[in-house]
Amino acid sequence: MEKKKGILGFLSQTFMLFGIIVLLMSIFAVIFGDHAKEVSTIFSLGSKGLSIGTLIQFLSAIAIICVLRFVFMTDTLIKKMPVTLRIILMFVSVIIVIIGFVFAFGWFPVTEIRAWVMFVLCFIISCVISTLVSVASEKQENKKLEEALKRFKEEQ
């Protein structure tokens, strides 16, 4: 589990993810916005960008997801739970949050199967990428810790 971080860590993570999402969605807006503005509230401005309402929705969703990450991926609130179960519950919770936002804000047509298939594919791809980045980061951190431990033992 992660080290405990304060509110600054939470805000840092939230705004980092927000920045990445806004960048990606801005690129999508430029490429697909004019075609998607009739289908999705996300692209209501077409290729001109993202609305303030959409940005606030994204920030809210990301903040909720960061809270869920804190709940499930630290030992602060949940003391003894297997990591696998934490990860499963985290992903299920994130999916529920996103589905809630889809319904509440019309991110895409809820009756269109193709939209749900695309959502599932995008979610799977983003999960795979984030998992690979997390594993690589963990390996790099472990390597640094091993090197530091080796230097410490040599000094003793």
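In the block above lies the structure referred to throughout.
Residues numbered from 1 in each chain as written. Predicted model: local features only at pLDDT ≥ 70, side-chain atom pairs only at ≥ 80, totals over all residues. Heavy atoms only, no water.

The tally for this structure, following the rule as stated, stands at 11 aromatic pairs. With a centroid separation of 5.5 Å and 40 degrees between ring planes, the pair formed by Phe101 and Trp107 is classed as tilted. Given a relative accessible area of 11%, Phe101 falls into the buried group. Arranged with centres 4.8 Å apart and planes meeting at 80 degrees, the rings of Phe108 and Trp116 form a pair that is edge-to-face. Linked through ring pairs, Phe91, Phe103, Phe108, Trp116, Phe119 and Phe123 together constitute an aromatic cluster. (Phe/Tyr/Trp six-rings, centres within 6.5 Å; stacked < 30°, edge-to-face > 60°. Buried < 20%, exposed > 50% of the residue type's maximum accessible area, 1.4 Å probe, protein only.)

Attention shifts here to the side chain of Ser93. Mapped onto the secondary structure, Ser93 falls in helix 3 (residues 83-105). Looking at Ser93, its side chain comes within polar contact range of the main-chain oxygen of Leu89, at 2.8 Å. Not counting residues within four places of it along the chain, the set of residues in contact with Ser93 comprises Leu68 and Phe72. (Helix = DSSP H or I, 4+ residues; strand = E, 2+ residues; numbered from the N terminus. Polar contact = N/O pair within 3.5 Å; in protein donor to acceptor, adjacent residues only side chain to side chain. Contact = heavy atoms within 4.5 Å.)

Scanning the model with the defined rule gives 2 salt bridges in all. A salt bridge links Arg86 to Asp75, with the shortest nitrogen-to-oxygen separation between them at 2.9 Å. Of this pair, Arg86 sits in helix 3 while Asp75 sits in the loop between helix 2 (52-73) and helix 3, and the two are 11 residues apart along the sequence. Overall, Arg86 belongs to the buried group, its relative accessible area being 1%. When the shortest N-O distance is used, the salt bridge between Arg114 and Glu112 registers 3.7 Å. (Salt bridge = Lys/Arg side-chain N within 4 Å of Asp/Glu carboxyl O.)

Topologically, Phe105 is positioned in helix 3. The spatial distance from the C-alpha of Phe105 to the C-alpha of Thr54 is 8.7 Å, given a sequence separation of 51 residues. Leave out the neighbours within four places in its chain, and Phe105 touches Thr41 and Gln57.

So, on to helix 2. Under the 1.5 Å per step criterion, the end-to-end length of helix 2 is 31 Å for 22 residues, consistent within 8% with the ideal 32 Å. Within the sequence span of helix 2, burial applies to Thr54, Gln57, Phe58, Ala61, Ile62, Ile65, Cys66, Leu68, Phe72 and Met73. Those residues of helix 2 hidden inside the fold are in contact with helix 1 (7-36) and helix 3. (Expected span 1.5 Å × (residues − 1).)

It is worth stressing that arrangement in space is one thing and function is another; only the former is reported here.
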